[in-house]
Amino acid sequence: MRYVAVIAFVIACGDGGAAVQDAAIDTAPQDAATDPDADAPPTGHYVIDRVNLPTSSALARTYAFDLDNNTSPDNALGQLIANLPVGLGLYGQNATTAAIDRGDVIMLADVGADDYVNDPMVTFTLYQGENPMPMPCSSAQDPVCRRHLAGTGSFSINAAAPIDPRLSGSIGGGQLSAGPGHLTVQLTFADSPTITVTLLSARADLTSTTATLSGRIGGAISPTDVTTKIIPALSDGFQAIVAQECTMLSNPPSCGCPQSSRGEMVKAQFDTNQDCNISVGEVQSDSLVSGLLAPDVTVESMQAVSFAFGLHAVTGAFTDPQ
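Let us look at the structure shown here. (Residues numbered from 1 in each chain as written. Predicted model: local features only at pLDDT ≥ 70, side-chain atom pairs only at ≥ 80, totals over all residues. Heavy atoms only, no water.)

1. Digging into the pairing of strand β2 (residues 46–52)
(1) Moving on: β2 sits mainly inside the fold: six of its seven residues count as buried.
(2) Moving on: Pairing geometry for β2 and strand β12 (residues 302–317), over six bridges, is antiparallel. By the bridge assignment, Asn52 is partnered in β12 with Gly310. (Buried < 20%, exposed > 50% of the residue type's maximum accessible area, 1.4 Å probe, protein only. Helix = DSSP H or I, 4+ residues; strand = E, 2+ residues; numbered from the N terminus. Pairing = 2+ DSSP bridges.)

2. Details of the environment of Met302
(1) Moving on: Assignment of secondary structure puts Met302 in strand β12.
(2) Moving on: For Met302, a relative accessible area of 32% puts it in the partly exposed group.
(3) Moving on: For the pair Met302 and Pro223, spaced 79 residues apart in sequence, the C-alpha separation works out to 8.8 Å.

3. Re the state of the cysteines
(1) Moving on: Counted according to the given criterion, the structure contains three disulfides.
(2) Moving on: Two residues share a disulfide in this structure: Cys137 and Cys145, whose sulfurs sit 2.0 Å from each other. Because the torsion about its S-S bond is 105°, the bridge between Cys137 and Cys145 counts as right-handed.
(3) Moving on: Across the disulfide, Cys255 is cross-linked to Cys276 (sulfur-sulfur distance 1.9 Å). Negative torsions about the S-S bond denote left-handed disulfides, and the value of about -90° found for Cys255 with Cys276 makes this one left-handed. Here the residue Cys255 occupies a position in the loop between α4 (223–245) and α5 (262–270), and Cys276 occupies one in the loop between α5 and α6 (280–285), the gap between them amounting to 21 residues. Comparing Cys255 with Cys276 shows no difference in burial state: the two are buried. (Disulfide = S-S within 2.5 Å.)

4. A word on α4
(1) Moving on: For α4, with 23 residues, the first-to-last C-alpha span of 32 Å sits near the 33 Å given by 1.5 Å per residue.
(2) Moving on: Along its length, α4 reaches its greatest deviation from straightness, about 25°, at Ile230, and the proline Pro232 lies no more than four positions downstream. (Expected span 1.5 Å × (residues − 1). Bend = angle between axes of the 7 residues up to and from the residue.)

5. Here we look at the nonpolar core
(1) Moving on: Membership of the largest hydrophobic core comes to 69 residues, with the highest contact counts inside it found for Phe124, Ile217, Ile230, Leu234, Phe238 and Leu293.
(2) Moving on: The element best represented in this core is α4, accounting for eight residues.
(3) Moving on: Non-local contacts of Leu293, meaning those with residues more than four positions away in its chain, are made with Leu77, Leu80, Val226, Ile230, Ile231, Leu234 and Val305.
(4) Moving on: Counting 10 residues, the second-largest nonpolar core is a separate cluster that includes Tyr63, Leu67, Val297 and Ala304. (Core = buried A, V, L, I, M, F, W, Y, C linked by side-chain atoms within 4.5 Å. Contact = heavy atoms within 4.5 Å.)

6. Description of the packing of aromatic side chains
(1) Moving on: Overall, the coordinates contain three aromatic pairs when judged by the stated rule.
(2) Moving on: Measuring from centroid to centroid gives 4.4 Å for Phe238 and Phe270, while their planes differ by 20°, and the two rings are stacked. Note that Phe238 is positioned in helix α4 and Phe270 in helix α5, a separation of 32 residues in sequence. Here the two residues Phe238 and Phe270 agree in accessibility, since each one is buried.
(3) Moving on: The cationic tip of Arg216 hangs over the ring face of Phe65; the distance from NZ or CZ to the ring centre is 4.0 Å. (Phe/Tyr/Trp six-rings, centres within 6.5 Å; stacked < 30°, edge-to-face > 60°. Lys NZ or Arg CZ within 6 Å of the ring centre and 35° of its normal.)

Pasting the structure below:
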């Protein structure tokens, strides 16, 4: 059995950059006439070169899965990202793109299949990756990077990171559907440390070709991970925005935040005691955050918070540890 690999994602709230347009899920297979590798056998390995975060409520629903089988799409964290104060969700997409381009966080996944068009028994799982070759950036001043995302990069798997059992699924007409199960993913919020969370009742809906893999991944995050990882990471990320853009943090309540800046928007939304600091408690008690990060699904006999996102991947190489 050959194995197909994917790299999953980073999420970043509040890094600089221009707003991006809503991106539809890229699931259409390439036409053989335009795919230079259409006649080549599948390499079995891919690396994500793009992650699409929801930038609108409609797009969050498009990426969503019905995790609890009630005919309603589930993507609470995606709705939060899409509905952050004006601009912040879109900056999150830009920060995610930059992190992928620079190889700051690499996660690998693996799909096992004998046939990439029709196969009734396939598998899918995610790994944390490291050691990209070539290096993502030619120098610290490289404004583009992405050298490891040209379709010829190689990677190793972080042996110290958790390895989840493979999701079971099938491929029909080039469309892979797998799950439910567990998928461990890494999230980054601006300058906050990278966190690792496990998606419960995780699903994958992907379109495979010899050169690309694209679609969506989703699941649910436990309340413990939301409280001890997501909320603190959001707090760190929002505080990083204030520290970067506001020049007088020791001079509340203005804190030296330029008018209409992201720093001012973050302060207005979260700094309820006007001390120029975005605390975990302030983020947790914010009506938008508390409303959208309240448990919205019951999976694996547990209330949890749903999340889903889009992705696109190109060919890469690594050695499967399983």
